[in-house]
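# Structural overview
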Amino acid sequence: MSTVIENLLTRKQKLVEELEKAQAVEDRDRIEHQLEQINTALDFLDRPGPKEGT
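The paragraphs below set out a description of the structure included in this document.

Scoring rules and cut-offs
Within each chain, residues carry numbers counting from 1 in the order of the written sequence. Totals for whole chains, interfaces and linings use all residues, but because this is a predicted model, local features are given only for residues with pLDDT of at least 70 and pairs of side-chain atoms are given and counted only at 80 or more. Side-chain numbers here rest on the full set of heavy atoms in the structure, without hydrogens or water. Helical segments are the DSSP runs of H or I of at least four residues, strand segments are the runs of E of at least two, and each set is numbered from the N terminus. For the accessible areas, the method is Shrake-Rupley and the probe is 1.4 Å, while residue cover comes only from the protein chains on display. For the charge count, each Lys or Arg is scored as positive and each Asp or Glu as negative, with His and the chain ends excluded. In plain terms, the charge of a residue is placed at NZ if it is Lys, CZ if Arg, CG if Asp and CD if Glu. Counted as salt bridges are all cases of a side-chain nitrogen of Lys or Arg within 4 Å of a carboxyl oxygen of Asp or Glu. Only protein chains enter the accessibility calculation, which uses a 1.4 Å probe; a residue whose area is less than 20% of its type maximum is buried, one above 50% is exposed, and one in between is partly exposed. In this text, buried Ala, Val, Leu, Ile, Met, Phe, Trp, Tyr and Cys residues form a nonpolar core when linked through side-chain atoms within 4.5 Å. We call two residues in contact whenever any of their non-hydrogen atoms come within 4.5 Å of each other.

### Some words on the overall build of the chain
Within the chain, the regular secondary structure consists of 2 helices and 0 strands. When the backbone C-alpha atoms are referred to their principal axes, the chain occupies close to 55 × 20 × 10 Å. Split by element, the accessible area of the chain, about 4,600 Å² in all, is 52% carbon and sulfur. Taken as two groups, the 8 positive and 12 negative side-chain charges of the chain have centres that lie 2 Å from each other.

Structure below.
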């Protein structure tokens, strides 16, 4: 699981760097959308799982 999170964090960092350089509105929108997806995935993966034995 940690490899997935590491990959998402690496991708997020690259997108943030791209966002800082992006000039076109379309590029910024695309990058922001991808960042939202990554943040959603990270939130989902960070949630505690159901407790065992309940």
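### As for the pattern of salt bridges
Using the criterion set out here, one finds 2 salt bridges in the structure. Among the salt bridges present, the one from Glu 18 reaches Arg 11, with a minimum N-O distance of 4.0 Å. Between Arg 30 and Glu 18 there is a salt bridge whose closest N-O contact spans 4.0 Å. Of this pair, Arg 30 sits in helix α2 (residues 25-46) while Glu 18 sits in helix α1 (residues 2-21); the two residues are 12 residues apart in sequence, bridging distant segments of the chain. Looking at Arg 30, the relative accessible area reads 37%, which means it is partly exposed. Each of Arg 11, Glu 18 and Arg 30 takes part in one network of salt bridges that share partners.

### Re the environment of Glu 32
Inspection of the secondary structure puts Glu 32 in helix α2. Using a relative accessible area of 34% as the deciding quantity, one classes Glu 32 as partly exposed. C-alpha separation for the pair Glu 32 and Val 16, spaced 16 residues apart in sequence, amounts to 8.6 Å.

### Quick notes on the nonpolar core
Within the largest apolar cluster, 8 residues are counted, these being Leu 8, Leu 15, Leu 19, Ala 22, Ile 31, Leu 35, Ile 38 and Leu 42. Breaking this core down by element, the ones donating at least two residues are α1 and α2. Apart from residues lying up to four places away in sequence, Ile 38 is in contact with Leu 8, Arg 11, Lys 12 and Leu 15.

Shape is all these values report; function is a separate question.
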